[in-house]
Amino acid sequence: MRLFVSEGAPGTLPVLAAAGRAQGRVELLISTVGPEECVVPFLTRPKVPVLQLDSGNYLFSTSAICRYFFLLSGWEQDDLTNQWLEWEATELQPALSAALYYLVVQGKKGEDVLGPVRRALTHIDHSLSRRSCPFLAGETESLADIVLWGALYPLLQDPVYLPEELGALNSWFQTLSSQEPCQRAAETVLKQQGVLALRPYLQKQPQPSSFEGRAVSNEPEEEELAALSEEEIALAVAAWEKGLGSLPPLQPQQSPVLPVAGERNVLITSALPYVNNVPHLGNIIGCVLSADVFARYSRLRQWNTLYLCGTDEYGTATETKAMEEGLTPQEICDKYHAIHADIYRWFNISFDIFGRTTTPQQTKITQDIFQRLLARGFVLQDTVEQLRCERCARFLADRFVEGVCPFCGFEEARGDQCDKCGKLINATELKKPQCKICRSCPVVKSSRHLFLDLPKLEKRLEEWLEKTLPGSDWTPNARFIIRSWLRDGLKPRCITRDLKWGTPVPLEGFEDKVFYVWFDATIGYVSITANYTDQWERWWKNPEQVDLYQFMAKDNVPFHGLVFPCSVLGAEDNYTLVKNLIATEYLNYEDGKFSKSRGVGVFGDMAQDTGIPADIWRFYLLYIRPEGQDSAFSWTDMLLKNNSELLNNLGNFINRAGMFVSKFFGGFVPEMVLTSDDRRLLAHITLELQHYHQLLEKVRIRDALRSILTISRHGNQYIQVNEPWKRIKGSDADRQRAGTVTGLAVNIAALLSVMLQPYMPTVSTTIQAQLQLPPPTCSILPTNFLCILPAGHQIGTVSPLFQKLENDQIESLRQRFSGGQAKAGPKPAAAGTMTTAGPEQIQVLMDEVTKQGNIVRELKAQKADKNQVAAEVAKLLDLKKQLALAEGKPLETPKGKKKK
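Okay, so let's go over this structure.

Rules behind the numbers
- Residues numbered from 1 in each chain as written.
- Predicted model: local features only at pLDDT ≥ 70, side-chain atom pairs only at ≥ 80, totals over all residues.
- Heavy atoms only, no water.
- Helix = DSSP H or I, 4+ residues; strand = E, 2+ residues; numbered from the N terminus.
- Buried < 20%, exposed > 50% of the residue type's maximum accessible area, 1.4 Å probe, protein only.
- Contact = heavy atoms within 4.5 Å.
- Lys, Arg positive; Asp, Glu negative; His and termini not counted.
- Charge placed at Lys NZ, Arg CZ, Asp CG, Glu CD.
- Phe/Tyr/Trp six-rings, centres within 6.5 Å; stacked < 30°, edge-to-face > 60°.
- Pairing = 2+ DSSP bridges.
- Axes fitted to C-alpha atoms, helices over the stretch in contact; angles between N-to-C directions.
- Core = buried A, V, L, I, M, F, W, Y, C linked by side-chain atoms within 4.5 Å.
- Salt bridge = Lys/Arg side-chain N within 4 Å of Asp/Glu carboxyl O.
- Polar contact = N/O pair within 3.5 Å; in protein donor to acceptor, adjacent residues only side chain to side chain.
- Bend = angle between axes of the 7 residues up to and from the residue.
- Expected span 1.5 Å × (residues − 1).
- 1 Å grid on protein atoms, 1.4 Å probe; cavity = no way out; pocket = protein on both sides within 12 Å on 5 of 7 lines; lining within 4 Å.
- Points joined across faces, edges and corners; volume = space filled by probe spheres on them.
- Nonpolar A, V, L, I, M, F, W, Y, C, P; charged D, E, K, R; others polar.
- Parallel < 35°, antiparallel > 145°, perpendicular 65-115°, else oblique.
- Left-handed = near helix turned anticlockwise from the far one by under 90°.

When helices and strands are counted, the chain shows 32 helices and 20 strands. Judged by the C-alpha coordinates and their principal axes, the chain covers about 95 × 80 × 75 Å. A total of 900 residues make up the chain; the buried ones form 56% of that total. Contacts in the chain between residues at least 24 apart in sequence constitute 77% of all its contacts with a sequence separation of at least 6. Where the 97 positive side-chain charges of the chain centre and where its 104 negative ones centre are 4 Å apart.

Dropping the structure here:
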């Protein structure tokens, strides 16, 4: 069997990925031909890829070749896959061909490239979201997934062309891109050149037909509204009319919260922050804030929910910090535990318990798990070569060694893990190691240690993963990280350290050692629960009745998805294991990383001093939550999202709805006589609410937030189209119409107040107080849109929810957190007395201003999105300010637009 491919031919990608799946089932010879070479004798035009079968027959359609490889691997055909393949050929390919031609051959960028495919990408995203399945045709990967992934990969591998708001598409794309056959195919075709690898091939192809005449919709919700069935509308109206009577009874709050047989029991943990660090915004969104959203949502569903976290307090870092500050390790832990608790309290994190690991329960439970592992033969002894700093007179913990990564060459790799390539490292493997405390070169010394025999536990782990992963909500990055560990084969992992500050090792000959923090830190979840209730085993030794959700950044995945499960599987004590492991990517700060020492970025103890309320921070961090890929905090973007999404969209709608009730109807909700358009709106709001539930049940936190904003936008459109402020002055029929619109709008506002509760709890409470929501409705989120504010309900005093963020306010905060506050030296002089820069620097800035000005002009000419234009204008103004300072010119205060 022979596969003919051509360098840079896009169709080669899915074919190689499909062939990778069939590896071992067929002997395949791959031949590279020129783009103008005719391989198939009966075709008049060149065509690649082509599969020549052993029978001499040819397959020359990409989907047909992929189908052949899938059939070889035992895949069974289905109608839904065939529908997707037909759609790919007739709808996706023409749009994608145009987009790639514009990008690669014509050098176009931005919306010129994304425009032709936006409708298609939205269609894929909506299909994945509606079905709540990870793949196009169901729970498992199909031929359709590989064909569509391969077609889209050259474009979407650049994050610029993978719209952030299409969360389901992002998740699907990242899942497939992380699979080994797909990775190998991408490396073979694109050769680390990205989409430019396609240029030689595409330049020899005819220009695709223009897409200018095809409408591209940015409002898929309107299409959904038009496609509603009569049954959906009737069901929505019936649910609406039942009102409060259809709400389930409010369950009394337990203390302590415990699982109940036959009910949904949800145990939520957030990765334990290390005690001697003040958390920055990336730490907060990666762990505690994401988990808090899900915990609050779980309580709104009336699931028995226990949310716990605490400070991880043992280890060398604590000892060193204690030395720096002249305190004992315990005093350092007490001090920083209080700092962490204050920060999370300000961010309104709703822990049931925020504990710590320096407790007798931690010692008791850790030592018990160890003893059980030891008794069952899962602990080894071995001599370890360790780095010892002679100047500091101590063995160095892994994180207090820094050097060059032996795998990727990163120069600031830690002694336990490289932040760049993610591989775990033994400190002695580092090249050019340095003691982080004194910067001297450590020496290698021997010491006897204990190891967890991970190879002996590997089969148990794989069997558990095979039962757990299908149907679970492990994030794609978590699945990929664990798969890569297993692919490389597990190795014994050292679980002891030569320290004093830690959980003692209860074994003769090891009395001078403590457990390694990553053996016992994850056991901290169990001990924190044991300090909360003496019935902790009902949570932690109850896998049949408890769903465990664990939230963390991706660097913590190996310890939660592998080390801890191996430890308790080996202990054989029926421990509850993670069912859903939720890992974020990293949040960066502007164009770099957070750094406390350099004063770069906002840390938890600083956010409250900015004058920006905690709920605004929560909203923006959740809006940019790094789910499928790393994201970055941006002051300009925060201003735009606050002023557009919160102030002009959400706040504007809720305030208008409440004000109309107060102003036109004396503060009482008016009678509502629904028209057919109103009934359709009810159905649409119900569908969006159900979509919100589907997303949060799958822990798609960022995407569910967009459902709230979508409902609010529809509310604004509804008010704008019906103009109740005009109708209230008209005939009786007009006044009745104004009442219906106002009543329906204020009920949408009431629904939004409950949907907002997981994201912005203070704002949620404020709306509910203004609208005087009946108590049960504040604590239960139904699955249907109900009339919870019936005619005659009296609301309270309505006032604005959000404040506008001003450019000068944000610019001041940007400067404050840009690193200048950590640098020594005099404060900058006033603008009028600034010294000028050199001519080369001024020329560079002038070029940057010209370049940015062209970008702004092009966006305006294309009538681009206002938010996008505003962001680029802000960059232009910032560059002009830098140029003025470099030239020694005084800064003028903007006085608004000049009249022409």
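That shown, we press on.
It is worth spelling out the packing of aromatic side chains at this point. One pass over the structure, following the stated rule, counts 29 aromatic pairs. Here Y314 and W501 contribute two aromatic rings whose centre-to-centre distance is 5.4 Å and whose plane-to-plane angle is 70°, an arrangement assigned as edge-to-face. Taken as a pair, Y314 in the loop between β6 (304-311) and α12 (316-325) and W501 in the loop between β15 (496-497) and β16 (514-515) lie far apart in primary sequence, 187 residues in all. Here W501 falls in the buried class, since its relative accessible area comes to 17%. Between W518 and F559 the ring centres are 4.3 Å apart and the planes differ by 10°, which places this aromatic pair in the stacked class.

On to the sheet that holds strand β18 (residues 578-584), then. Sheet architecture is open: 5 strands sit in the order β7-β6-β5-β17-β18, paired in parallel fashion. One side of each edge strand has no neighbouring strand; the edge strands of this open sheet are β7 (353-356) and β18. Adjacent strand axes in the sheet meet at a mean angle of 20° when their direction is disregarded. When strand β5 (residues 265-270) meets strand β17 (residues 546-553), the two strands line up parallel, connected through 6 bridges. Pairing of N265 across the sheet is with V546, part of β17.

Among the nonpolar cores identified, the biggest contains 195 residues, and W617, W635, Y692 and Y759 are the most heavily contacted of them. Not counting the four nearest positions on each side in its chain, W617 is found in contact with L281, W346, F347, V602, A607, T610, I612, F633, W635 and M638. With 75 residues, the next largest nonpolar core counts V50, I124, L156 and L198 among its residues.

Applying the stated criterion to the full structure yields 42 salt bridges. In this structure, E390 and K445 form a salt bridge, with 3.0 Å as the shortest nitrogen-oxygen distance. You can see E390 sitting in the loop between β8 (379-389) and β9 (394-395) and its partner K445 sitting in strand β13 (residues 443-452), a full 55 residues away along the chain. The closest approach of N and O atoms between R814 and E590, which form a salt bridge, is 3.5 Å. With a gap of 224 residues between them, R814 in helix α30 (residues 807-816) and E590 in the loop between β19 (587-589) and α21 (604-607) connect regions that are remote in the sequence. Classification of R814 by relative accessible area gives buried; the value is 19%. On the basis of relative accessible area, E590 is assigned to the partly exposed category, the value being 22%. One salt-bridge network, held together by shared partners, links K321, E324, E325 and K335.

A few words now on the side chain of Q550. When you line up the elements, Q550 lands in strand β17. When its relative accessible area of 1% is taken as the criterion, Q550 is described as buried. In terms of polar contacts, Q550 uses its side chain to reach the side chain of T269, at 3.1 Å. Ignoring any residue separated from it by four or fewer positions in sequence, one finds Q550 in contact with T269, Y525, H560, V578, N580, L581 and I582.

Next up on the list: the side chain of D678. Structurally, the position occupied by D678 is in helix α24 (residues 676-697). Of note is the side chain of D678, whose polar atom sits 2.7 Å from the side chain of Y718. If near-sequence neighbours (up to four positions away) are discounted, D678 is found in contact with V673, Y718, R737, T740 and L744.

Along its length, helix α11 (residues 281-300) shows its largest kink, about 35°, at V288. Taken from the residues just after α11, Q302 is the one with a positive phi, measuring 65°.

All right, on to unusual backbone geometry then. Residue V48 is joined to P49 through a cis peptide bond whose omega torsion reads 0°. On the secondary structure map, P49 appears in the loop between β2 (29-32) and β3 (50-52). A positive phi angle, close to 70°, is found at R439, a residue other than glycine. Within the secondary structure, R439 sits in the loop between β12 (431-435) and β13. We note that E723 has phi near 45°; this positive angle belongs to a residue other than glycine.

We now examine helix α3 (residues 79-105). Along its 27 residues, α3 runs 37 Å from first to last C-alpha, staying within 8% of the 39 Å computed at 1.5 Å per residue. Helix geometry: α3 is bent most strongly at L92, by close to 45°, with proline P94 lying one to four residues after it. Trailing α3 by a residue or two, G107 shows a phi angle of about 75°, which is positive.

Our focus in this paragraph is empty space enclosed by the protein. Applying the stated criterion to the full structure yields 2 cavities of 30 Å³ or more. Within this model, the largest cavity holds a volume of roughly 90 Å³. Lining the largest cavity are 13 residues, with L751, V754, I780, P782 and I788 positioned closest to its centre. Among the elements that line the lining of the largest cavity, the one with the most residues is helix α27 (residues 732-755), at 4 residues. Residue composition of the lining of the largest cavity, grouped by class: 10 nonpolar, 3 polar and no charged.

Another point: the pairing of β13. If a strand is regular, its side chains alternate between the two faces of the sheet. Across 10 bridges, the pairing between β8 and β13 is antiparallel. For Q381, the partnering residue across the bridge sits in β13 and is L450.

We now examine the packing of helix α1 (residues 12-21) against helix α7 (residues 180-190). Viewed as axis vectors pointing N to C, α1 and α7 meet at an angle of 140°, and their least axial separation amounts to 8 Å. The angle between the axes of α1 and α7 places the two elements in the oblique class. α7 is crossed by α1, and the crossing has right-handed handedness. Between α1, through T12, L13, L16, A17, G20 and R21, and α7, the contact on the second element is made entirely by P181, C182, R184, A185, A186, T188 and V189. Of the residues assigned to the contact of α1 with α7, the class counts are 8 nonpolar, 3 polar and 2 charged.

So far we have only geometry, and geometry alone does not tell us how the molecule works.
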